[in-house]
Amino acid sequence: MTDTALPKTMPETAPSPLVAGARHPIVAFIQRLIREKPLGAFGGGLFLIFLVCGLLANIIAPYAANETNMALRLEAPSLSHWLGTDHLGRDLLSRVLIGAQLSMMVGFLAAGLATVVSIVLGLLSGYLGGRTDMLIQRFVDAWMIFPDLLLLIVVVSIVGSGMPQIVLVLGLLYGIGGSRIVRGAVISVRENMYTHAAQSMGARTLYILWYHILPNVMPVVIVLFTTRVGAAILAEAGLSFLGLGVPPPAPTWGGMLSGDGRTYMYMAPWLAIAPGVCLTIVVYSINVFGDALRDLLDPRMRGSR
Amino acid sequence: MQAFIIRRVLALIPTLIFASLIVFVSMRLIPGDVIDQMMAQNDVATSADRARVEASLGLDQPMYIQYFRWVGGILRGDLGNSLWQNTPVTRQLAETLPITFELGLLALIVALTVAIPIGIYSAMRQDTAGDYIARSFSLLMLAIPSFWLGTLVMVFPSVWWRWSPPLEYTPFFENPIANLSHMIVPAILLGLALSAVTMRMTRTMMLEVLRQDYIRTARAKGLAENLVIARHALRNGLIPVVTLIGLQAPLLIGGAVILEQIFVVPGMGLLLLEAVFARDYPVISGIFLVTGVAILLINLLVDLTYGFLDPKVRY
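Participant: Looking at this structure, I do not really get the overall build of chain A. What am I missing?
Facilitator: Of the regular secondary structure elements, chain A holds twelve helices and zero strands. If you list the helices and strands of chain A from N to C, you get α-α-α-α-α-α-α-α-α-α-α-α. Within chain A, the fraction of its 305 residues that count as buried is 54%. The contacts in chain A between residues at least 6 apart in sequence include a share of 73% that link residues at least 24 apart. Carbon and sulfur atoms provide 69% of the accessible area of chain A, an area that totals close to 13400 Å².

As structure tokens, this is what we get:
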């Protein structure tokens, strides 16, 4: 697993401002995304819908997520309950919406934390090199031999289950794994002329890291963040499914597919559909969006996974 | 080659040391009150028992001594005793590991039989409708969580046709057919998840190879297309796919944990979950360590195979 430094030109810092003019670079980038990667743009749009649903869940959900109604247990989908009700008479649509909120929170917080960890470790390891690099990389090697889910289960068994713990553990888990990718990018930026120029002018290390290295590894970081959002959402669902995630009655998608609900699915099969479909769509959309971003922002990562 | 093997094995040592530290430190993070809980759950109440439990976890010693004693135990094949069943962890692992291994192996067979033909087809018909369908399928399989697919397989056949997958485990050597008919459903689900990445990889590699000069030469000399693919393209294109097996091993084990739970396969994953809920830390740390080492060895094996398969690789 050696990342060799590639002496080559780096992708631009900002989303490529090659379409000049007065347009804001982000607008220009979105136009380019739609033109060159329609599937990716579609995925981004789909994900955005779920994100908005999650943000507004408390407003648009027709019922409270944990509002029980024993008279309306296991109702099939109807006009008043679009997705039906579960074994406690709770409205499934409302639960799925609040579930979106929980998933998005876990996804973004964990991916955010992971990105910070990856940047710090990647910068240290890649820029300082030498013994620091050796030590950090051997640690990352060891860390990466453990399956994600296994690490999660073990750590959760120690620190207990709950939203903050899951975010923390997922953040560390993906952060340490992702530092490899940031490190690779840092090493190739480190060899650029402008870095050497700054070094020879006596700039302080922190200054160089902040103004020269970090902006140039941003494309890699953005792609990394996107892929981690999906991975974190999926991992949280898996943990909640095993009963180790955010504890009930919180309506997590994974939790809705396990536990008590499971026994009633044979009578009310619709209970098994909505959470899984949402989960699949969210992960699928963020994956294709991430793939498209990678192709546009960071040609070097193309085809890797 | 011999020098390469030696170097590659020596390179494992620092990784193993760090891995053992990760397992060790994570087990030392167990907060004190958990021991109380563990005691309550395991029906040991007196303070003498508490001291015994602490001693069995080695908590009454300085940190570094604890570590070296623990490593020493591992090197002698002693992973401690289960707090719950009071049997050696190694014995529990010996019972469950082969089952998970069988599940993984079956899943791998499923994944390769699905992914390689489709991957080759996709590459040969690049940018046709078939290629798009295959690629969309693989993207979808990456997104569908296996526990949802497992739930659907449990629920819908039962609702529609009053059939559900068998959930009773029979050892393979007792009755291979009963064993396989139980294992095959989780193996297919696990294999499908794995096939997505394998398919993408096979397609990319085949596309790469099909552009090579020697393929053009083979075609130019009038060789039938089937033979071009079978003799020239496949042999070179599939070599990198081997490495994927190593890369996918963690995914395979992670997926096995979930599917073993759904389909009641008494493998290592089920043992782990039981241990987590019983707070049986010696078992947890044993599984943790053994999995890590197993994956390390699989990757070593894959690397060595790779060097053997591809004579161009000179280390």
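Participant: Just to check I follow, could you spell out the packing of helix α6 (residues 89-124) of chain B against helix α12 (residues 239-263) of chain B for this structure?
Facilitator: Residues and elements named next belong to chain B. For the pair α6 and α12, interaxial distance at closest approach is 10 Å and the crossing angle is 120°. By the angle between their axes, α6 is oblique relative to α12. The two elements α6 and α12 cross, and the hand of that crossing is right-handed. Across the interface between the two elements, T100, L103, G104, A107 and L108 of α6 pack against I245, L252, A256 and E260 of α12. When grouped by side-chain class, the residues that make up the contact of α6 with α12 number six nonpolar, two polar and one charged.

Participant: Got a minute to help me understand the interface of chain B and chain A in this structure?
Facilitator: Interface size, as often reported, equals the accessible area lost upon joining of the parts. Between chain B and chain A, the contact holds 48 residues from the first and 43 residues from the second. Both sides together, the interface formed by chain B and chain A hides about 4000 Å², and carbon and sulfur atoms give 81% of it. Linking chain B to chain A there are one salt bridge. For the pair chain B and chain A, the interface holds one residue pair in polar contact (both at pLDDT 80 or more). Elements supplying a minimum of two residues to the side of chain B that touches chain A: α2 (12-28), α7 (129-143), α8 (146-161), α9 (176-210), α12, α13 (268-278) and α14 (281-309) of chain B. Ranked by residues supplied to the side of chain B that touches chain A, first place goes to α8(B) with nine residues. For the side of chain B that touches chain A, the per-class residue count stands at 38 nonpolar, eight polar and two charged.

Participant: Would you mind going over the nonpolar core with me for this structure?
Facilitator: Taken as a class, soluble globular proteins show a tendency for nonpolar side chains to be buried jointly. Membership of the largest hydrophobic core comes to 122 residues, with the highest contact counts inside it found for A:I153, A:L170, A:L242 and A:W253. Dropping the residues within four chain positions of it, A:L242 is found in contact with A:L149, A:I153, B:V257, B:I258, B:Q261, B:L273 and B:F277. Grouped together as the second largest cluster of nonpolar side chains are 16 residues, A:Y127, A:V186, A:L209 and A:I213 included.

Participant: What should I look at first to understand α6(B) in this one?
Facilitator: Side chains of residues three or four places apart in an α-helix project in the same direction, reflecting 3.6 residues per turn. Over its 36 residues, α6(B) runs 50 Å from end to end, which matches the ideal 52 Å to within 8%, given 1.5 Å per residue. If you look at α6(B), its biggest bend is around 30°, right at B:T96, and the proline B:P98 turns up within four residues after that.

Participant: Just to check I follow, could you spell out the environment of B:L309 for this structure?
Facilitator: Residues and elements named next belong to chain B. For L309, the location among the structural elements is in helix α14. Residues L309 and M63, 246 residues apart in the sequence, show an inter-C-alpha distance of 45 Å. With near-sequence residues (within four places) excluded, L309 lies in contact with I239 and V242.

Participant: Which parts of the structure should I look at to understand the packing of helix α4 (residues 92-128) of chain A against helix α12 (residues 274-297) of chain A?
Facilitator: Two quantities define a packed helix pair, namely the angle between the helix axes and the distance between the axes. Residues and elements named next belong to chain A. Packing of α4 against α12 brings their axes to within 10 Å, and their N-to-C directions diverge by 35°. For the pair α4 and α12, the sense of crossing is right-handed. Here L92, V96 and M104 of α4 come into contact with α12, specifically with A274, P275, C278 and V282. Among the residues making up the contact of α4 with α12, the classes are represented as seven nonpolar, no polar and no charged.

Rules used throughout
Residues numbered from 1 in each chain as written. Chains lettered and ligands numbered in written order. Predicted model: local features only at pLDDT ≥ 70, side-chain atom pairs only at ≥ 80, totals over all residues. Heavy atoms only, no water. Helix = DSSP H or I, 4+ residues; strand = E, 2+ residues; numbered from the N terminus. Buried < 20%, exposed > 50% of the residue type's maximum accessible area, 1.4 Å probe, protein only. Contact = heavy atoms within 4.5 Å. Areas by Shrake-Rupley, 256 points an atom, 1.4 Å probe, with all protein chains shown as cover. Axes fitted to C-alpha atoms, helices over the stretch in contact; angles between N-to-C directions. Parallel < 35°, antiparallel > 145°, perpendicular 65-115°, else oblique. Left-handed = near helix turned anticlockwise from the far one by under 90°. Nonpolar A, V, L, I, M, F, W, Y, C, P; charged D, E, K, R; others polar. Buried area = accessible area lost by both parts, 1.4 Å probe. Salt bridge = Lys/Arg side-chain N within 4 Å of Asp/Glu carboxyl O. Polar contact = N/O pair within 3.5 Å; in protein donor to acceptor, adjacent residues only side chain to side chain. Core = buried A, V, L, I, M, F, W, Y, C linked by side-chain atoms within 4.5 Å. Expected span 1.5 Å × (residues − 1). Bend = angle between axes of the 7 residues up to and from the residue.

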